[in-house]
Amino acid sequence: MNGAFTNNNNSAKNKYIYLDHAATTPVLAEVVSRVNECFTRFYGNASEPHLPGRDAKEILENSRTVIAEILGAKSSEITFTSGGTESNNLAIFGIAEAYGKNGNHIITSEIEHPAVLMPMKVLSRKGYKITYLPVDSNGLVDPGDLKKALKPKTILVSIMHANNIVGTIQPIEEIGHFLKERNVIFHTDAVQTFCNTRANVDNLGVDLLSLSGHKIYGPKGVGALYIRKGTKIMPHIFGGGQEQGRRSGTENIPGIAGLAKASEIGFRTLDDKIRRLSEMRDYLKEKILGNIEEARFNGHPLSRLPGNCNFSFKYIEGEAIVLRMDMVGIAVSSGSACSSSSMKPTHTLKAMGLSNEDAFGSLRVTIGFENTYEEIDYFIEEVKKIIQDLRNISPLYKNIHKF
Ligand code: PLP
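Draft legend 1. Representation of unusual backbone geometry. A positive phi angle, close to 60 degrees, is found at Cys195, a residue other than glycine. With respect to the secondary-structure elements, Cys195 resides in the loop between β6 (185–189) and α7 (201–204). Phi at Tyr315 takes a positive value of approximately 80 degrees, unusual for a residue other than glycine. Tracing the backbone through its elements, the reader meets Tyr315 in the loop between β10 (308–313) and α10 (318–327). For Tyr315, a relative accessible area of 9% puts it in the buried group.

Draft legend 2. Structural context of the packing of helix α9 (residues 270–291) against helix α13 (residues 373–392). The N-to-C vectors of α9 and α13 enclose an angle of 25 degrees; their axes lie 11 Å apart at closest approach. Judged by the angle between their axes, α9 and α13 are roughly parallel. Of the two elements, α9 crosses α13, and the hand of that crossing is right-handed. Of the residues in α13, those in contact with Glu279, Met280, Tyr283, Leu284, Lys287, Ile288 and Asn291 of α9 are Tyr373, Ile376, Asp377, Phe379, Ile380, Val383 and Lys384.

Draft legend 3. Quick look at helix α1 (residues 29–40). Here α1 contains 12 residues, and its C-alpha end-to-end distance of 16 Å stays within 8% of the 16 Å for a straight helix at 1.5 Å per residue. Every buried residue of α1 is accounted for by Val31, Val35 and Cys38. For α1, the buried positions fall inside an angular range of 60 degrees around the axis, keeping them on one side. Facing away from the buried side of α1, by more than 90 degrees, are the exposed residues Ala29 and Thr40. Residues of α1 that are buried make contact with α2 (51–71) and α8 (253–268).

Draft legend 4. A look at the domain arrangement of the protein chain. On domain assignment, one finds that the protein chain holds domain 1 (12–27 + 270–397) and domain 2 (29–268). Domain 1 and domain 2 are separated by 28 Å when their C-alpha centres are compared. Residue-level contacts link 32 residues of domain 1 with 36 residues of domain 2. The largest contributions to the domain 1 side of the interface with domain 2 come from Val27, Leu270 and Leu305, which together make up 26% of the buried area. Residue Arg198 is joined to Asp271 by a salt bridge in which the shortest nitrogen-to-oxygen separation is 2.5 Å. Where domain 1 meets domain 2, there are 24 residue pairs in polar contact (both at pLDDT 80 or more).

Draft legend 5. Highlighting the pattern of salt bridges. Under the counting rule described, the total for this entry stands at 23 salt bridges. Notably, a salt bridge pairs Lys74 with Glu77, separated by 3.8 Å at the nearest N-O pair. The class for Lys74 is partly exposed, based on a relative accessible area of 46%. On the basis of relative accessibility, which here comes to 3%, the residue Glu77 falls in the buried class. Overlapping salt bridges, with partners in common, bring together Lys57, Glu61, Arg64 and Glu243 in one network.

Draft legend 6. Region of the structure containing the nonpolar core. Grouped together as the largest cluster of nonpolar side chains are 62 residues, with contacts concentrated most on Leu71, Ile78, Val157, Leu179 and Leu209. Looking at which element gives the most residues to this core, the answer is α2, with eight residues. Viewed by domain, this core spans two of them, domain 1 (12–27 + 270–397) and domain 2 (29–268), each represented by three or more residues. Setting aside residues no more than four positions away along its own chain, Val157 makes contact with Ile107, Leu146, Leu150, Leu179, Val184, Ile185, Phe186 and His187. Counting 28 residues, the second largest nonpolar core, distinct from the first, contains Met280, Leu284, Ile292 and Val365.

Draft legend 7. Representation of the site of the ligand within the structure. Close contacts around the ligand come from 13 residues, with Thr85, Asp189, Ser212, His214 and Lys215 the closest. Here an oxygen atom of the ligand sits 2.8 Å away from a polar atom, N or O, in the main chain of Gly84. At a separation of 2.8 Å, an oxygen atom of the ligand approaches a polar side-chain atom of Gln192. Relative to its unbound accessible area of 390 Å², the ligand is 85% covered by the protein chains. Looking at which element gives the most residues to the shell around the ligand, the answer is helix α3 (residues 84–99), with three residues.

Draft legend 8. Here's a closer look at the sheet that holds β6. Taken in spatial order, the seven strands make up an open sheet running β2-β8-β7-β6-β5-β3-β4, and their pairing is mixed. Both edges of this open sheet fall to β2 (78–81) and β4 (129–133), since each of them pairs with a single strand only. The average undirected angle you get between the axes of adjacent strands in this sheet is 20 degrees. Judged from the three bridges that link them, β6 and strand β7 (residues 208–212) form a sheet pairing that is parallel. The residue of β7 that forms the bridge with Asp189 is Ser210. Packed on one face of the sheet, α2 meets β2, β7 and β8 (223–227) and runs near 115 degrees to β2.

Conventions and cut-offs
Every chain is numbered on its own, with residues counted from 1 as its sequence reads. This being a predicted model, a pLDDT of at least 70 is required before a residue's local features are given, and a value of 80 or more before pairs of side-chain atoms are given or counted; all residues contribute to the totals for chains, interfaces and linings. Computation of side-chain values covers all heavy atoms of the structure but excludes hydrogens and water. Only DSSP runs of H or I reaching four residues or more are called helices, and only runs of E reaching two or more are called strands; each is numbered from the N terminus. Burial classes follow relative accessibility: with a 1.4 Å probe on protein chains only, a residue under 20% of its type's maximum area counts as buried, one over 50% as exposed, and anything between as partly exposed. Think of each axis as a best-fit line through the C-alpha atoms, taken over the contacting stretch in the case of a helix, with angles from 0 to 180 degrees between the N-to-C directions. We call two directions roughly parallel when the angle between them is under 35 degrees, roughly antiparallel when it is over 145, roughly perpendicular when it lies between 65 and 115, and oblique otherwise. With the far helix as reference, a near helix turned anticlockwise by less than a right angle produces a left-handed crossing, and one turned clockwise produces a right-handed crossing. Whether two residues touch is decided by their heavy atoms; if any such pair falls within 4.5 Å, the residues are in contact. Multiplying 1.5 Å by the residue count of a helix minus one yields the expected span of that helix. Taken from the helix axis, the directions to the C-beta atoms give the arc we talk about. For the domains described, the bounds stem from an automatic or database domain assignment. We define buried area as the total accessible area lost by two parts upon association, computed with a 1.4 Å probe and summed across both. Definition used for salt bridges: Asp or Glu carboxyl oxygen within 4 Å of a side-chain nitrogen of Lys or Arg. For the purposes of these results, a polar contact is taken to be a pair of N or O atoms within 3.5 Å, where, inside protein, one atom must be able to donate a hydrogen and its partner to accept one; residues adjacent in sequence count only when each atom of the pair is a side-chain atom. For this analysis, a nonpolar core means a set of buried residues of the types Ala, Val, Leu, Ile, Met, Phe, Trp, Tyr and Cys, connected via side-chain atoms within 4.5 Å. Whether a residue is near a molecule or strand is decided by its heavy atoms; if any one of them lies within 4 Å of it, the residue is near. Areas reported here follow the Shrake-Rupley algorithm with a probe of radius 1.4 Å; residue values treat only the protein chains shown as occluding. What makes two strands pair is DSSP finding at least two bridges between them.

This is how it looks when you write it as structure tokens:
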């Protein structure tokens, strides 16, 4: 990282500052060396009986055990995939097809990641009935709404553990225990929470859980799906029958070993990370709200990811702030990323009831454990200037602050 901004001076002003950890994380040196070792020394095909094959198989199974232990699961309940998107697709299509005879009703929320919402859209075209639960102004699903939405034909509920835009953590335990008593299959997208908060499958009461490597300082293109023993699932990639037939294809040993290494480190340092990031997040929140007028903090004040801050700044657009921040060497994200085909603000903020103006003016700052208070202070200093600059040229702002 750091490119043009790197020089011998280590101060925050002279290097590129990365504050977009919800999008992806840098890869840890220990992970890179483990991945490298697997590319160069342990290159075997895990399905082959010879020594390189057996070595690869051992790495594969040890990695599975690492992930299983973190989740409080059995190794046989872990299926490796190409990441969070594939895990969500496998969970949703796999359950819909395997249990389609029992019913055609599925419940999810309005603020899921597109990797859940798009499969739901495809299923609705195939005749499945999808209920999208609303959220409150903090981004929380009301378990009471779920209870009301449940029908005899409900075969699956999929509610994300934490939202990627505003960081709100959902009452998964409460929902999980309610669904358990009714024998309804429960999936959670834990891509943002795995190794970022505690996520034990029995405590959460989930039957399926998606996770991804690149949100936890691991490689991109690798993830896993936890599938509780006894849960049927219809695969959607067919071939050599790897991963108990649930996901064919020669296993990505370097990626999987890298995921396991990142998980191992992430889990070992979790308590420290939660404490440090929560403190930094609260510091950043106070400084922004205390120093910038007409700023709001989005998402739940308490039930939220340790490193996630989401703000809305009136009269200006988040996209403009992101571009200007990049010019001063800081990576943040706009919560209102417009897709090229539409100029709609993110569905999460709209579902929380934000006005278009607040949704367009949103900025997501996601902190990682390698960030320092010096970097946060530099971010605050720069964002204050940029927001004032942008407001000074905003017709909306000028109209309201004429005198
Ligand atoms: N689900 C959530 C909540 C995410 O934040 C992401 C990534 O942004 C995904 C799923 C997709 O994961 P991946 O990038 O590993 O496919």
